Amino acid sequence: MSDVAASPTEGELESVSLVELAVSRLTREILSGRSDSGERLVEEQLTRRLGISRAPLREALRLLAQRGLVEHVPRRGVRVATLSDRDVRELYELRDVLERFAVRSAIPVPRESDLAGLRAALDQMREATRDGDRLAVAESHRTFHVALVALAGNRQLSAVYDSILVKLQLYMAINLRREAEVAQPHDGVHRHERLFEAVAVGDPEVVLAVLSEHGARSYLG
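Just so it is clear, the model here is predicted, and its values are computed rather than measured. (Residues numbered from 1 in each chain as written. Predicted model: local features only at pLDDT ≥ 70, side-chain atom pairs only at ≥ 80, totals over all residues. Heavy atoms only, no water.)

**With respect to the overall build of the protein**
Convention followed: Helix and strand definitions follow DSSP, with helices as H or I runs of at least four residues and strands as E runs of at least two, each counted in order from the N terminus. Exposed residues in this analysis have more than 50% of their type's maximum accessible area, buried residues have under 20%, and partly exposed residues fall in between, with area computed by a 1.4 Å probe over protein chains only. A contact between two residues is defined here by any heavy atoms of the two lying within 4.5 Å. All accessibility values rest on the Shrake-Rupley procedure with a 1.4 Å probe; residue burial counts only the protein chains present in the view.
Looking only at helices and strands, one finds ten helices and three strands in the protein. When each of the 221 residues of the protein is scored for burial, the buried share is 40%. Of the contacts formed within the protein by residues at least 6 apart in sequence, a portion of 70% connects residues at least 24 apart. Summed over its atoms, the accessible surface of the protein is roughly 12500 Å², and 50% of this surface lies on carbon and sulfur atoms.

Below is the structure:
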């Protein structure tokens, strides 16, 4: 009796695991540049390459669409998401508004321990930079800014902000590749170290001044 009851649960867990695996692998492929913006994603090819059936693949693609990394095109299937210049400009503008609101709400932080999230992101950034892992560098940049906004303690603000960064992740990856061509590897680390130091000082105007020079318009980071 118990074995029969356990079977659906085990099957469900296996299916969920396959979905997570597909989401993780496709996300890395998209953000590492192995899949180009606008590239069509063919189900038959993906099921063979990932070794999964259509059901978990379609759920993975649905989740990726929610995150803004892929888009469904009527009668043409699924493709890697594209962002117009207007999309990017508007998302940057909204990002700036939310960051400024968060900084004015959170700085100065009440406890030094509140900076742990920023420190952890900086450590990840340094390690990824040493390893030359551009995708991990991009993710650590995103994690740093998410941790900065989280200092405001506003869950709805954090959720909206994170959704904006997710939509910009593909664009961020492209810009970080450009940065790698024209800048020194540790430039991104130094920018975020200066921002961390400003937050630690505890003056919101100083933080905003550093953010304005942070280079978000050139590279999302």
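**Quick look at the packing of helix 4 (residues 85-106) against helix 7 (residues 155-167)**
For clarity, the cut-off: To obtain each axis, a line is fitted to C-alpha atoms, and for helices this fit is confined to the stretch in contact; angles are then taken between N-to-C directions over 0 to 180 degrees. Definitions for this section: a left-handed crossing has its near helix turned counterclockwise from the far helix by less than a right angle. A right-handed crossing has that turn clockwise.
In contact at an axis separation of 10 Å, helix 4 and helix 7 are set at 150° when each is read in the N-to-C sense. Classified by chirality, the crossing of helix 7 by helix 4 is left-handed. Taken together, the residues of helix 7 that come into contact with helix 4 (itself represented by Leu91, Leu94, Arg95, Leu98, Glu99, Phe101 and Ala102) are Leu157, Val160, Tyr161, Ile164, Leu165 and Lys167.

**Section: the sheet that holds strand 1 (residues 40-41)**
Note the threshold: Strand pairing follows a simple DSSP-based rule, namely that at least 2 bridges must link the two strands.
Read from one edge to the other, the open sheet built from three strands follows the order 1-3-2, with strand pairing classed as antiparallel. Two strands close off the open sheet at either side, each with one partner strand: strand 1 and strand 2 (70-73). For strand 1 and strand 3 (residues 77-80), the ladder comprises two bridges, and the chain directions are antiparallel. Looking at strand 3, one finds that Arg40 is bridged to Arg79. The strands touched by helix 3 (residues 54-66) are strand 1, strand 2 and strand 3; relative to strand 2, the strand with the most contacts, the crossing angle is about 110°.

**Brief notes about helix 6 (residues 134-150)**
This is how the line gets drawn: Each helix should span, by expectation, one fewer than its residue count multiplied by 1.5 Å. Under this definition, polar contacts are N or O atom pairs within 3.5 Å; protein pairs additionally need one hydrogen-donor-capable and one acceptor-capable atom, and for neighbouring residues in sequence, both atoms have to be side-chain atoms.
With 17 residues, helix 6 should cover 24 Å at 1.5 Å per step; its first-to-last C-alpha distance of 24 Å lies within 8% of that length. Turning to helix 6, its buried residues are Leu135, Val137, Ala138, Ser140, His141, Arg142, Phe144, His145, Ala147, Leu148 and Val149. The residue sitting at the N-terminus of helix 6 and contributing the capping side-chain oxygen is Asp133; that oxygen lies 3.1 Å from the backbone nitrogen of Ala136.

**Points about the pairing of strand 2**
Here strand 2 runs beside strand 3; their pairing, made up of four bridges, is antiparallel. Following the sheet pairing, Glu71 is matched in strand 3 by Arg79. Joining the antiparallel neighbours strand 2 and strand 3 is a turn of three residues, in which Arg75 adopts a positive phi near 65°.

**Concerning the pattern of salt bridges**
As a reminder of what qualifies: Criterion for a salt bridge: a side-chain nitrogen of Lys or Arg within 4 Å of a carboxyl oxygen of Asp or Glu.
Per the stated rule, a full pass over the model turns up 17 salt bridges. Between Glu43 and Arg54 there is a salt bridge, and its shortest N-O distance comes to 2.5 Å. In this pair, Glu43 is assigned in helix 2 (residues 43-50) and Arg54 in helix 3, connecting sequence segments eleven residues apart. A salt bridge links Glu43 to Arg58; its shortest N-O distance comes to 3.0 Å. Remark: Arg58 occurs in helix 3 and Glu43 occurs in helix 2; sequence separation between them is 15 residues. Salt bridges sharing partners connect three or more residues here, namely Glu43, Glu44, Arg54 and Arg58.

**A few points about the packing of helix 6 against helix 7**
Quick note on the threshold: Should an angle fall under 35 degrees it is called roughly parallel, over 145 degrees roughly antiparallel, and 65 to 115 degrees roughly perpendicular, with every other angle called oblique. Note on residue classes: Ala, Val, Leu, Ile, Met, Phe, Trp, Tyr, Cys and Pro are nonpolar, Asp, Glu, Lys and Arg are charged, and everything else, Gly too, is polar.
Where helix 6 contacts helix 7, the axes come no closer than 9 Å and their chain directions differ by 160°. Taken together, the axis directions place helix 6 and helix 7 in an arrangement best described as roughly antiparallel. Note on packing geometry: the crossing formed by helix 6 with helix 7 is right-handed. Contacts from Arg142, His145, Val146, Val149 and Ala150 of helix 6 reach helix 7 at Leu157, Ser158, Tyr161, Asp162 and Leu165. Across the contact of helix 6 with helix 7, the residue classes break down as six nonpolar, two polar and two charged.

**A few points about unusual backbone geometry**
Following Ile107, the chain continues into Pro108 via a peptide bond in cis, with omega recorded as 5°. Structurally, Pro108 is set in the loop between helix 4 and helix 5 (116-131). Residue Arg75 is not a glycine yet carries a positive backbone phi of 65°. Mapped onto the secondary structure, Arg75 falls in the loop between strand 2 and strand 3.

**Comments concerning the nonpolar core**
Selection criterion: As used here, the term nonpolar core means buried Ala, Val, Leu, Ile, Met, Phe, Trp, Tyr and Cys residues forming a set that is joined through side-chain atoms within 4.5 Å.
By size, the foremost hydrophobic cluster in this structure holds 22 residues, and its most contacted members are Ile107, Leu118, Phe144, Leu151, Leu195, Val199 and Val207. At the level of elements, helix 4, helix 5, helix 6, helix 9 (187-201) and helix 10 (204-212) are the ones that each hand at least two residues to this core. Ignoring anything within four residues of it in the chain, the contact list for Val199 reads Ile107, Leu115, Leu118, Leu148, Leu151 and Val207. Of all hydrophobic cores here, the second largest spans 20 residues; its members include Leu26, Leu50, Leu61 and Leu135.

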